[in-house]
Amino acid sequence: MDLNIKGKIALVTGSTAGIGLAIAERLAAEGAEVIISGRDRAKLDAAAEQVGRAGRVRAVLADAATPEGAAALIEAAPSVDILVNNLGIYEAKPFAEISDEDWQRFFDVNVLSGVRLARHYFPAMLARDWGRIIFISSESGLMTPGEMIHYGMTKTAQLAVARGLADQTRGTGVTVNSVLPGPTRSEGIVGFIQSVVDNKDAPEGEREAEFFDKFRPTSLIRRLIEAEEVANMVAFLASPLAAVTNGAAVRVEGGLVPTIA
């Protein structure tokens, strides 16, 4: 299927590994010019080489979680057609041990990174009457996990920002949506699962099964989502084919959460 995004300019934050890298590859394969970003030069160069095998890519060394990093990205790409706010961090931590600094750090990385970029690109999208902003949220935005409440808070905040922006797109060719993956196979997920399960020395498959039994009992697929599966959903939402999907929270597992405009 041709997603009709050839020649579009797409910026994907947090794109040197995991979901962000898979999204960048998918968009590049569809003919978009993809801008990737990261803080580590070696990882950024490796990601650029990988995405470059799929299509056109530009790499920007910048920390999108800081005002300076956002400014560097905007300077490198003053105008984009597709903005994918993927940058995010997570950790398991008892609520009583989450410090003020932890709360602020999670909000800065997971929420403000996307807010700053959307604040710049959104008005121009409205003026051109076309654009896509996609927030990579999480199922945790709807069902706050007790083992990482600070993370869940930021994912709910992303949903609020996305919906508020979508309300301002009425009658235009701009859409703003959120994608809510469940636990996804990516860098760090194995260590995270091991940190929360009881049987930490069990084989990886058994630890994964325990994790879904105890921490994600409502999962329908009962396994980790692959990053490429999230990327496929994002690529569709980024395309003209998804023109009527706006203001939606799209779950990679479990279907749509209203509203589709």
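The structure this text deals with has already been given above.
I will try to describe carefully the structure that is included in this document.

Definitions and limits used
Residues numbered from 1 in each chain as written. Predicted model: local features only at pLDDT ≥ 70, side-chain atom pairs only at ≥ 80, totals over all residues. Heavy atoms only, no water. 1 Å grid on protein atoms, 1.4 Å probe; cavity = no way out; pocket = protein on both sides within 12 Å on 5 of 7 lines; lining within 4 Å. Points joined across faces, edges and corners; volume = space filled by probe spheres on them. Helix = DSSP H or I, 4+ residues; strand = E, 2+ residues; numbered from the N terminus. Nonpolar A, V, L, I, M, F, W, Y, C, P; charged D, E, K, R; others polar. Salt bridge = Lys/Arg side-chain N within 4 Å of Asp/Glu carboxyl O. Buried < 20%, exposed > 50% of the residue type's maximum accessible area, 1.4 Å probe, protein only.

## Notes on empty space enclosed by the protein
Enumeration over the complete set of coordinates arrives at 1 cavity of 30 Å³ or more. In this structure, the largest cavity spans a volume of roughly 60 Å³. Lining of the largest cavity is provided by V190, I193, E204, R207, E208 and L224. When contributions to the lining of the largest cavity are tallied by element, the ones reaching two or more residues are α6 (189–196) and α7 (204–214). Considering every element that reaches the lining of the largest cavity, the biggest residue donor is α7, with 3 residues. Residue composition of the lining of the largest cavity, grouped by class: 3 nonpolar, no polar and 3 charged.

## What to know about the pattern of salt bridges
Tallied over the entire structure, the rule returns 19 salt bridges. A salt bridge links D45 to R41; its shortest N-O distance comes to 3.2 Å. Pair noted here: D45 and R41 are both in helix α2 (residues 41–52), with a separation of 4 residues, about one helical turn. For the salt bridge of E91 with R105, the shortest nitrogen-to-oxygen distance reads 3.7 Å. Placement of E91 in the loop between β4 (82–85) and α4 (100–128) and of R105 in helix α4 is noted, with a sequence separation of 14 residues between them. Note on E91: relative accessible area 21%, which makes it partly exposed.

Just geometry here; none of it tells us what the structure is for.
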